[in-house]
Amino acid sequence: MYSKNDDPAGGGGHPPSRFKASGLRSRHLGAHILVAVWVVLALSAASIQQTLPVARWLAIHLFLLGAATTAIVVWSEHFAVAMLHARPPDRRWSDARLAGVNIGTLGVLTGVWADRSVLTGVGCVLLIAAVGAHLTVLVRMGRGALGGRLAPIADYYRAAAAALVVGAVLGWLLATGKAGAEHYSGLKLAHVHVTLLGWIGLPVLGTLFMLWPTVLGVRMAERTTRSARRVLVLTGGGLLTAVAGLSAGSRPAAACGVAFYAAGVAVAAQLFARTVHRRPAISAAAAWMLAAAMGWLCVGVTVDLVLLAARPLAAVRDDIGSLLPVLLVGLVAQVLIGALTYLLPIVLSSGPKERASLRAVLERGWVARVGALNLGVALPALPLPHAFRTAGMLLAGGAGTVFLALVVRVLVRGGRGLRRDAEQGGASRRPVLWGTAAGTVLIVLAVLVANSGGDTGSEASGAGAHGAGSGITHTVAVTLADMRIRPARIEVTAGTALKLKITNTDTQRHDLRVEDGPTTPMLAHGQTRTLELGPVTENREAWCTLPGHRAAGMTMDIVVTGAADGASAHDGHSMTATKGAALDLSADFTKGWKERTADLAPAPGGTVHKVELHAARATVEVAPRVKQQMWTFGGTAPGPTLHGKVGDVFEVTLVDDDPGMGHGIDFHAGSLAPDKPMRTIQPGERLVYRFRADRAGAWLYHCSTAPMLQHMGNGMYGAVIIDPPGLAKADHEYVLVSSELYLGTPGSAAQVAKMRQDMPDAWVFNGVANQYEQRPLKVRAGERARFWVIAAGPSDGIAFHIVGTVFDTVYKEGAYLLKPGGAGGSQVLDLATAQGGFVETTFPEAGHYAFVDHDMRHAEAGAHGMVEVSG
């Protein structure tokens, strides 16, 4: 049907004279300069993303919404005219629609980048209006047209335009946070599917029915028209089902829709495969790239289907990110490069000779570029180390950059040819190039202006900053990380217009909802949004809406100073507070704070160990920036660790230095009548407590004065370590005493109530929440470490576990449960309240090994530390 010299893409006839007469060359030239500019900006955003806000989003949308959309609008109109044998639409209105698409895209991109929701909305409206007009033209073009064998392909372009309208509406809901966190996953997936598989995928499939045999230089298969209709029913219907299912949060419906879409792709792929012949293609470069793009589409749709069938939507939302290189670069970029390699010389040349010259330019080094591009897609998609992903991105970026340079060269040649033709025809120089260049400069300037941030007024950051008063706009920088919102409290004077500039610095996604106010979308790492609250007149709360995050303490208070409930009385670091305020365990400790050493000191020589313990009150930092008065033995909670061997005698002199109450002591390690040694002594009195350690083990000691719940709950406990006979030397020996932490005034009704209800404010190792998280224990790989653990309670036991290791030795309550050399291993040392023991392990390699109470309520509330292992 076609020969190598035919040009079906141009609608038959003699393309040079037709383009020359209609001015299509100049239009294609201007449009593809725009495409090139969008690609340059996308590559720039991708390469310097660490310094840009919403950089990943921006790079993706610069490419898809800018470059790909411009190309699709131009080419879908061009092909629709050719396939329907219709009259070309009015040039001025076509230009107006194309301008609307680009200006709308620019508005969306700058609006999201600069966080201007109004600009984003205006951009979406303009984009929808322009694409809607494009759809109307495509529909009207079919009326009264001669039609032809390939006329059904125009339906792909109409369906794609409708898909972009839906995608733009969904994108606006997501970008402005109006989708709501509860619908975010489904709507985002719907947006991704309707734009990638609809706006991009459908025109690609439809065009390939014509372009693929044309590029190969072979006859079109007889069943092409029938197959095209069938594929559109499968893909279009499937996409509609998938998007509806995703929007409604129905994963089975979404999977069913993608399955239909995949079936349509398979039918098309089978037809394309049967079209291949052994004769040389008109453009081998274009053919290989179109074939590879089709292959990546098959891969992407298949993986997408598997994900939707096997994973919840929230997980798919995150997993689908790994498909982006496949769909963006493997499919979209590659099909764009392949199509332009074949089509640009046709629409920009004035004859066969110039066409061949331009094609030769675009095909330079195509084998290496195709290889690099596809290797660059495969490496990030595979479960390989990060270095391979980086290498893949560089390969794909390099291949794209080289093609872009070739395109620029072709466009320059095309511009010269167009000018030469105009001069030969006596026409005045057309202003297209100058206008396009001016538009390009404006686009770049607009983006640069948006990047400047715009809001240079009263922005401030930090906790507790005050607004200057009524009528003043005040901006506060807010970060989301480590299950905390910082600052956790913002104070403003009544009437201050408040803006929150929110940045997620965490590795997992978060959002922020303000009570009776706006909500950000889910923010990935590094993304920033600004919420405008307007004049604030009453206290409000803000929180992350992800399940459990608010309960875990990811909240923030916005406090209007002078409010009636007196909530503005900020008490600095006094966290004994109230209203169940959660501790900020990731905050820094105060300057000069020192962690409690966990090292077990060697047992002193001799068999009699004399110790003097003073019962005294002390104010200590029990959590980051939280100080609390504790009742102590020796000024610390827990008290000093006593270390000895079986048979040693401990002579402990207890001195009550607490002027307010009496105290006693109870050593679990000794056997004796408790009547006298465990009696309560009064302030200023002394007591000598002598016991023999006849049994090995990790023993608890604690205050014996009633109510013991309060005395132990406020810190009066400690450890006695009696080595088992023959205990081998370890490279490191640590003692970790677990306990609960109750904030508040010791002995107060509120604190006692929490103790009786077993509602501690934190669980701790050696008296301080998260201290070993910030000051890790340090060992070397291969060294043997022994961890003595005692559950001091007063109410909860412990399930001691070290992440990344297996215990080969377990000693619990005076007996070995496991010794080295056996085949078995242990994961947890479980201790009821007041029990003790030790575990041993060797760390296999350098890294950070967390140790926790594996009761996750305890671990996430302070019973968490780290072993830093060096190589």
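Structure first, text after, so check above.
No experiment lies behind these values; they were computed from the predicted model shown. (Residues numbered from 1 in each chain as written. Predicted model: local features only at pLDDT ≥ 70, side-chain atom pairs only at ≥ 80, totals over all residues. Heavy atoms only, no water.)

1. Describing the packing of aromatic side chains
The final tally for this structure, using the stated rule, is 22 aromatic pairs. With a centroid separation of 3.7 Å and an interplanar angle of 10°, the aromatic rings of F589 and W593 are classed as stacked. Residue F589 is classed as buried on the basis of its relative accessible area of 8%. Given a relative accessible area of 10%, W593 falls into the buried group. One aromatic cluster is present, formed by Y734, F765, Y772, F787, F800, F807 and F851 through successive ring pairs. Here the guanidinium or amino end of R786 rests over the ring plane of F838, the centre of that ring lying 5.3 Å away. (Phe/Tyr/Trp six-rings, centres within 6.5 Å; stacked < 30°, edge-to-face > 60°. Buried < 20%, exposed > 50% of the residue type's maximum accessible area, 1.4 Å probe, protein only. Lys NZ or Arg CZ within 6 Å of the ring centre and 35° of its normal.)

2. Observations concerning the packing of helix α10 (residues 284–310) against helix α14 (residues 366–381)
For the pair α10 and α14, interaxial distance at closest approach is 10 Å and the crossing angle is 10°. It follows that α10 is roughly parallel to α14 by the angle criterion. Residues A284, A285, W288, M289, A292 and W296 of α10 form the contact with α14, whose own contacting residues are W366, V370, N374, V377 and A378. Residues belonging to the contact of α10 with α14 are distributed by class as follows: 10 nonpolar, one polar and no charged. (Axes fitted to C-alpha atoms, helices over the stretch in contact; angles between N-to-C directions. Helix = DSSP H or I, 4+ residues; strand = E, 2+ residues; numbered from the N terminus. Parallel < 35°, antiparallel > 145°, perpendicular 65-115°, else oblique. Contact = heavy atoms within 4.5 Å. Nonpolar A, V, L, I, M, F, W, Y, C, P; charged D, E, K, R; others polar.)

3. Section: the sheet that holds strand β11 (residues 626–633)
Here we have four strands laid out as an open sheet, ordered β11-β10-β13-β15, and mixed in their pairing. If you trace the sheet from one side to the other, it starts and ends with β11 and β15 (686–692), each paired once. Each neighbouring strand pair of the sheet contributes to a mean axis angle of 30°, computed without reference to strand direction. For strand β10 (residues 608–623) and β11, the ladder comprises eight bridges, and the chain directions are antiparallel. Looking at the pairing, R617 lines up with W631 of β11. (Pairing = 2+ DSSP bridges.)

4. Examining the nonpolar core
Of all hydrophobic cores here, the largest spans 144 residues; its most connected members are F63, L205 and F209. For this core, the element with the highest residue contribution is helix α3 (residues 55–84), accounting for 20 residues. Setting aside anything within four residues of it in sequence, one finds L205 in contact with Y156, V231, T235, Y261, V265, A268, F272, M294 and L297. Within the second largest apolar cluster, 39 residues are counted, among which are L613, A615, L700 and C703. (Core = buried A, V, L, I, M, F, W, Y, C linked by side-chain atoms within 4.5 Å.)

5. Here we look at the sheet that holds strand β25 (residues 829–831)
Strand order in the open sheet formed by five strands is β20-β28-β27-β22-β25, with mixed pairing between adjacent strands. Taken across any chain shown, the strands that pair with only one partner, and hence form the sheet edges, are β20 (777–780) and β25. Between one strand axis and the next, the sheet turns through 20° on average, direction left out of account. Here three bridges tie strand β22 (residues 798–802) to strand β27 (residues 847–853), and the two strands are oriented antiparallel to one another. Its bridge partner being in β27, F800 is matched across the sheet by D853.

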